[in-house]
Amino acid sequence: MWLGVDYYPEQWDPALLETDLDTIAELGCNLIRIAEFSWHLIEKTEGAFDFSFFDHVITQAKTRGLKIMMGTPTATIPAWLAAKHPDILAEWEDGQKRTFGSRHVYCFNSPVMYEYSEKIIRAMAEHYKNEEAIIAWQIDNELGHEGSDLCFCNNCRREFQLYLAKKFSGDISVLNSAYGTAFWSQEYNRFGEIPIPTASTVAHNPALRLDWERFRSESISGFADFQVRLLKEIIPNAVITHDFPGGGLEKHVDYAEVACNLDVVSYNNYPVWGGQKAPLPPHEIAFGLDYIRGLKKRNFWITEAIMGAQGHDVTGYLPRPNQAKMWSYQGMAHGCESLLYFRYRGASKGAEQFCYGILDVDNRKRRKFWEVQSFFADIRKYEKALTAPIVSKVAIAYDYDSLASLRIQRQSLLLDAPVEMKKLYKVFFDANVPVDVLPAKADFSGYKIVLLPQMIIAKPDVQARAEAFVKNGGILVLAYRTAVKDEDNNLPFGEVVPVGYQDLAGVSVVETESLQDFDAFPLIGKDGRQGSGGIFRDMLVCRDAEVLYHYGDEFYQEYAAVTRKCYGGGAVYYLGCGLDEATAESVIQTVIEEAGIETISSDHGVEVVVRGGAGQKIRMLINHNPYEAAACGVMLPAFGCKVETIL
């Protein structure tokens, strides 16, 4: 188990190094993360590589038993490179180049970026390939974060056209047919005529826009794969990771594709950021952790856990005593097996002066220091349990193409697919039922419940696996806007929605309505229970499904809103609209009971997680409340955590 801090010795007086490393060791650390933003320090002028600074840091760290996570410094190109090759800079949609002076200002399709990245990564890897203190390499930093997942420069336009030419085997007529370019006289005679979807009068072709989203994702995952291949060529046994930022389901990059060739997935966990009045709700923090674990369906590392308030220009909420420590326990509960804090000491200069660390710039040990020290001392006792895999019986599956399609055409101003996933996830979270959040390409076998909410792109492979899952006794939950479009982001002619799922779900969608309200219409349950719905709704006609709720408003009472159908050894639920919280809870609780999944009772806001197996099994009680609350007969103080050995 690696426990440590993110340390930026280049930002401080070198005279502080040894004292800093002593203090880091006193915290209970065995790992420091370094060098990820130090391109210029290593290469002050082109081709003149100097590793003496970090050689000294590593030498001093080793004398204190500290290991190293080494970062490739490509997230922050040096000024001399930007000045020599301004074409390396990414471009905003309005054609303005990003200005040097921040991070992630480069274009992922710049040949110059590849050329110079290879030079410095190769030099670093050759220099440190025999350094046993380096236990992992981190590539770049938070790929796709802060708008860097989009670029509209000439490099990207050229590469996008080549991407399309390859996809359509060089036949422009095939693209014209797939895109339906006869609409608005958009036919192309050659791939060089195809634009990138910058602002126009109304909207670009949805098929073009979905391929643009795929291209953006491939551009970023390709850059990540390039770094992995290069490091593995020089250091075959290197452990390679990347620190993913939050909000992955909203990004123009498929994190699961970036993760494919990584040895370990890492996550920067920020439950609160500058400008927020309060942290994210506990279930949303947990969802983010489970999503990261699902990228490879393996335990992960947290490379940035917070202890102090965070923010660039606007300072954030200060975590209450023991609250940030509690988030660290929650991270470990959801599959983190190694954790580092951002940062050892808050910066006194630069853009992150208000990203407070374990120590503030006054360099005094206070509450935050003692909280980290006590957390490290406690959590390492449970290493065997926390490094064991998490076994969940419930999965929520997402599809990058479908998420992109719903960004392209939202259909309702209130339709936010990741938010809808989290609403359903919350019911399981409140019942203390573990959930895997997975890409839809993942294997569904082994689960009892699989949810496929808002998978608007109909994909035969996913549908076949979903049908097999239900036949074998699984319970599948579908939601409105399922299988509405084909893989070109078009409405398939002559097909009834949900395309490919009608026999499985036992319903057909005959009409739809977009609502701009969360509680737009009443719902009436078969047992007389009443609720409400909104956002969007499918008017469902049942073939051979049971109606659990129907619409209660005038004109539409004949249509089902929520249905259930037995199929093979399992069942399929269809949620035809956005449900109010109580109704969603009722329906999902029914699904949980039908699947025979055990729940654990706890006070509101108290999370209970069981981890481990043979050798060590623990129960983690986590109180997210700012007041006392109980679970499993244990009263916990505000933001208190307790780990109990149960085997």
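Before any of the text, the structure's been laid out above.
Residues numbered from 1 in each chain as written. Predicted model: local features only at pLDDT ≥ 70, side-chain atom pairs only at ≥ 80, totals over all residues. Heavy atoms only, no water.

Asker: Help me understand the packing of helix 15 (residues 417-430) against helix 18 (residues 581-595), please; the structure alone is not making it clear to me.
Answerer: Helix-helix packing is described using two parameters, namely the angle between the two axes and the distance between the axes. Look at helix 15 against helix 18: their axes get within 9 Å of each other, and the N-to-C directions meet at 60°. The angle between the axes of helix 15 and helix 18 places the two elements in the oblique class. Here helix 15 runs over helix 18; the crossing is right-handed. On helix 18, the residues touching Leu-424, Lys-426, Val-427 and Phe-428 of helix 15 are Glu-581, Ala-584, Glu-585, Ile-588, Gln-589 and Ile-592. Classifying every residue of the contact of helix 15 with helix 18 gives 6 nonpolar, 1 polar and 3 charged. (Axes fitted to C-alpha atoms, helices over the stretch in contact; angles between N-to-C directions. Helix = DSSP H or I, 4+ residues; strand = E, 2+ residues; numbered from the N terminus. Parallel < 35°, antiparallel > 145°, perpendicular 65-115°, else oblique. Left-handed = near helix turned anticlockwise from the far one by under 90°. Contact = heavy atoms within 4.5 Å. Nonpolar A, V, L, I, M, F, W, Y, C, P; charged D, E, K, R; others polar.)

Asker: Please clarify how the packing of aromatic side chains should be interpreted in this entry.
Answerer: Where two aromatic rings form a pair, the distance of their centres and the angle of their planes describe that pair. Applying the stated rule across the entire model yields 39 aromatic pairs. Aromatic pair Phe-354 and Tyr-356: ring centres 6.4 Å apart, planes at 45°, arrangement tilted. When its relative accessible area of 28% is taken as the criterion, Tyr-356 is described as partly exposed. Among the aromatic residues, those joined into a ring-pair cluster are Tyr-8, Phe-37, Tyr-270, Trp-273 and Phe-342. Stacked on the ring of Trp-92, the Lys or Arg Arg-98 has its end atom at 4.0 Å from the ring centre. Directly above the aromatic system of Tyr-116 lies the positively charged group of Lys-119, at a separation of 4.5 Å from the ring centroid. (Phe/Tyr/Trp six-rings, centres within 6.5 Å; stacked < 30°, edge-to-face > 60°. Buried < 20%, exposed > 50% of the residue type's maximum accessible area, 1.4 Å probe, protein only. Lys NZ or Arg CZ within 6 Å of the ring centre and 35° of its normal.)

Asker: Looking at this structure, I do not really get unusual backbone geometry. What am I missing?
Answerer: Excluding glycine, most residues fall at negative phi; most peptide bonds, likewise, are trans. At the junction of Phe-342 and Arg-343, the peptide bond is cis and its omega measures out at -10° in the coordinates. Of note, Arg-343 is situated in the loop between strand 8 (336-342) and helix 12 (367-379). In this chain, Val-497 is followed by Pro-498 through a cis amide linkage whose omega measures 0°. Mapped onto the fold, Pro-498 is located in the loop between strand 12 (475-479) and helix 17 (502-505). Here Asn-322, not a glycine, exhibits a phi torsion of approximately 75°, which is positive. Mapped onto the elements, Asn-322 comes out in the loop between strand 7 (300-306) and helix 11 (323-333).

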